Amino acid sequence: MEKIKIGFLGCGGMGQVAHLANYVQLDTCEVVGLCDAKKNQAKLVATRYGVPKVYDSEEELLADPAIQGVVASQAFEFYTGTIPKVLKAGKHLLTEKPLCTYPQNGAALVELAAKTGKIHMVGNQKRSDPATEYAVDQVRKWKESGEVGKFKYLRVIATPGDWVAGASWAWQIRTDETPKDNIRETRPAGVSDEFHKVMLGIVNGEIHQINLIHFFLGEDFKVAYADKSGVLMAGESASGVPVTLEMAPYRPNQEWHESALVCFEKGFVKLELPAPLMSQRAGKVTVYRNIEGNESYTVPVLPYVSALRNQAANFIKAIKGEKRAPCTSADALKDLQIAWDYVTARGL
Ligand SMILES: NC(=O)c1ccc[n+]([C@@H]2O[C@H](COP(=O)([O-])OP(=O)(O)OC[C@H]3O[C@@H](n4cnc5c(N)ncnc54)[C@H](O)[C@@H]3O)[C@@H](O)[C@H]2O)c1
């Protein structure tokens, strides 16, 4: 079996803990080289993870014809600069979430992916949690079969606690080198400092939940209401399904409480997700049916596979043409538009 050859552009905290640690364990790919703006850090990371080659610059990595796919885990304000370089070099690409900060800047990135014909997958890893895959598939089946009636309501709630959840975050290699600065994303004209600050918060945090809403709906939605404190956003899908997003109405210290409730007339699918860096564990799905008075619950046993591990596997499958990338840049652009509309609806 041919292994897909992967190069890493950026080996910071997420690059190491969320990505490299997973890619080096997949039998479908091979991490052939890496590059980080912190050159000494790059060498130390390559040694720890057994990566054979360290490139001196991103240009050198991108010029290597052996590399088929690039994982670029960098600060998202650099993506408007990095993404075009990788796509124009003819490499498939996985970037972290969000696509960038502003939908106005993201549109050109989506166009470029289409023009080059390369896969650009965005790291909204919750779509790759085996529990999410199961839940979304169940919802799709119910939409198609009508078995439990109409799709009535979608609620997503997230109350962040400890996002690391025992993963080896503190074990990451971090040198104190000062790398040369990258090209940063420009702010669209007329955006105030306050709008920018709130936008950064939403595209960094809530973008995961907005992305999940789009995944369950399988269609667009519009923001109808946003409370000023940032706890509640309500919307309506293209086919009229009401949607709510509740963000951090309380704060746990340790636990991570995040769920989606997808309601039909005669049943629901409930998805519960673990902390983002949780390893070796999927979320939980509960399927409830109430058909002609017969009520039942189904709770599938899912594999010991985390969202981030499965996301890595999904990127490789997408490169091989075995599966659609769970979140393309075009999907992620829709999330940025919702984030923009959400901030606007808050009156900022
Ligand atoms: N998916 C999630 O749940 C989740 C959680 C946290 C953070 N993130 C995202 O992860 C991204 C990275 O976060 P992080 O904490 O790893 O940041 P980080 O600063 O620790 O790592 C980024 C690394 O990229 C390197 N770098 C920057 N530009 C480079 C270039 N042009 N070429 C090579 N290397 C370059 C930096 O030197 C640094 O080592 C952010 O965009 C953030 O939004 C996602």
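This write-up is about the structure you can find in this document. (Residues numbered from 1 in each chain as written. Predicted model: local features only at pLDDT ≥ 70, side-chain atom pairs only at ≥ 80, totals over all residues.)

## Re the sheet that holds strand 6 (residues 120-123)
Argument step 1. Strand order in the open sheet formed by six strands is 3-2-1-4-5-6, with parallel pairing between adjacent strands. Taken across any chain shown, the strands that pair with only one partner, and hence form the sheet edges, are strand 3 (53-54) and strand 6.
Argument step 2. In terms of strand pairing, strand 1 (residues 4-11) meets strand 4 (residues 69-73) through four bridges, oriented parallel. Bridge pairing in strand 4 links Cys-11 to Ser-73.
Argument step 3. Of the strands in this sheet, strand 1, strand 2 (29-35), strand 4 and strand 5 (92-96) are in contact with helix 1 (residues 13-23), which crosses strand 1 at around 165°.
Argument step 4. Along the sheet face, helix 2 (residues 39-49) touches strand 1, strand 2 and strand 3 and points at about 155° away from the line of strand 2. (Pairing = 2+ DSSP bridges. Helix = DSSP H or I, 4+ residues; strand = E, 2+ residues; numbered from the N terminus. Contact = placed C-beta atoms within 7 Å. Axes fitted to C-alpha atoms, helices over the stretch in contact; angles between N-to-C directions.)

## Section: the pairing of strand 8 (residues 221-226)
Argument step 1. Pairing analysis gives five bridges linking strand 8 to strand 9 (residues 232-237), with the strands arranged antiparallel. Note on strand 9: the bridge partner recorded for Lys-222 is Glu-236.
Argument step 2. Once strand 8 ends, the chain turns through five residues before running back antiparallel as strand 9, passing Gly-230 with a positive phi of about 90°.

## Here we look at the sheet that holds strand 9
Argument step 1. Spatial ordering of the open sheet is given by 8-9-10-7-11-12-13-14, a layout of eight strands whose pairing is mixed. Across the chains shown, the open sheet's two edge strands, defined by having one partner strand only, are strand 8 and strand 14 (294-298). Going across the sheet, the axis of each strand differs from the next one's by a mean of 15°, ignoring polarity.
Argument step 2. Of the strand pairs in this sheet, strand 7 (residues 151-159) and strand 11 (residues 257-264) are connected by eight bridges, and their pairing is antiparallel. Note on strand 11: the bridge partner recorded for Ala-158 is Glu-258.

## A closer look at the site of the ligand
Argument step 1. Neighbouring the ligand are 27 residues; Gly-10, Gly-12, Gly-13, Met-14 and Glu-96 lie closest to it.
Argument step 2. The residue makeup of the shell around the ligand, split by class, is 10 nonpolar, 12 polar and five charged.
Argument step 3. Residues from two domains meet in the shell around the ligand; each of domain 1 (4-126) and domain 2 (127-306 + 329-345) gives at least three. (Near = placed C-beta within 6 Å. Nonpolar A, V, L, I, M, F, W, Y, C, P; charged D, E, K, R; others polar. Domains from an automatic or database assignment.)

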